[in-house]
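Chain by chain, the residues run as shown.
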Protein chains: 2
Amino acid sequence: MAIENEIRRLRFENGEMTQQALAESVGVTRQTIIAIEQNKYAPSLEAAFKIANAFGVPLESVFRWRNG
Amino acid sequence: MAIENEIRRLRFENGEMTQQALAESVGVTRQTIIAIEQNKYAPSLEAAFKIANAFGVPLESVFRWRNG
DNA sequence: ACTTAATGTAAAATATATAGTACATTATGT
DNA sequence: ACATAATGTACTATATATTTTACATTAAGT
């Protein structure tokens with residue numbers, strides 16, 4: 001999987017926001033947050049936008065793509 | 001679908017790049033490009049990054065998310 | 001009129017993301 | 001020792017994205 005994410009860091013920087021709280025704020029289940037955070041799979045573009053929005057940052061500061 | 005894309009405009013701005021050429025450059029099929037360009041469905045995050053990369057622009061200048 | 005390139009449409013098959021449920025582990029507080 | 005909150009794991013089911021194949025349409029060139 002060539003996509004990296006900063007979710008763990010962003011959760012801690014936002015007052016140690018729990019996975020559950022993030023999931024509710026994003027509108028997905030906790031399992032989805034866990035899987036994405038652990039890079040088990042990459043999110044849909046819509047989920048990626050919603051997660052970035054939940055942190056109030058641009059998408060590309062949450063998810064980065066390693067070319068090649 | 002709350003996600004808009006600028007693929008059609010970017011193709012034309014890049015020397016009227018065809019859907020086929022874009023598909024090959026991105027590494028997906030022509031059908032995938034057609035479907036995404038026509039907003040039949042939103043791409044995966046990985047496909048979105050690859051499309052932006054094919055145009056040499058940031059992801060968020062190809063795909064925009066309308067909140068709400 | 002014919003050919004070719006580009007785009008569009010449709011349907012089935014496969015891959016991937018997400019939801020749902022259930023249980024295990026670890027740390028914290030009482 | 002017990003209860004609770006947070007995280008992790010596993011497995012099935014559902015939704016969605018992508019591929020594959022095939023054919024239709026439109027415009028451009030000869």
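1. Concerning the relation of the copies chain A and chain B
The relation between the two copies of this chain is a rotation about an axis and a shift parallel to it. Superposing chain A onto chain B takes a rotation of 180° plus a shift of 0.0 Å along the axis, which leaves an RMSD of 0.0 Å. Put plainly, the chains are arranged around a two-fold axis. Take the interface residues of chain A: 100% of them recur as interface residues in chain B, which is what a same-surface contact looks like.

2. Here we look at the pattern of salt bridges
A side chain of one charge can pair with a side chain of the opposite charge when the charged atoms of the two come close. This model, assessed by the stated rule, comprises 14 salt bridges over all chains. Between A:Glu6 and A:Arg9 there is a salt bridge, with the nearest N and O atoms lying 3.1 Å from each other. The exposure class of A:Arg9 is partly exposed, given its relative accessible area of 37%. Between B:Arg66 and B:Glu4 there is a salt bridge whose closest N-O contact spans 2.7 Å. With a gap of 62 residues between them, B:Arg66 in the segment after strand S2 (63-65) and B:Glu4 in strand S1 (residues 3-5) connect regions that are remote in the sequence. Given a relative accessible area of 53%, B:Arg66 falls into the exposed group. The partly exposed category is assigned to B:Glu4, whose relative accessible area is 35%. Residues joined in a network through salt bridges with shared partners are A:Glu6, A:Arg9, A:Glu13 and A:Arg64.

What counts, and at which threshold
Residues numbered from 1 in each chain as written. Chains lettered and ligands numbered in written order. Predicted model: local features only at pLDDT ≥ 70, side-chain atom pairs only at ≥ 80, totals over all residues. Heavy atoms only, no water. Least-squares fit on C-alpha atoms with pLDDT ≥ 70 in both. Contact = heavy atoms within 4.5 Å. Salt bridge = Lys/Arg side-chain N within 4 Å of Asp/Glu carboxyl O. Buried < 20%, exposed > 50% of the residue type's maximum accessible area, 1.4 Å probe, protein only. Helix = DSSP H or I, 4+ residues; strand = E, 2+ residues; numbered from the N terminus.

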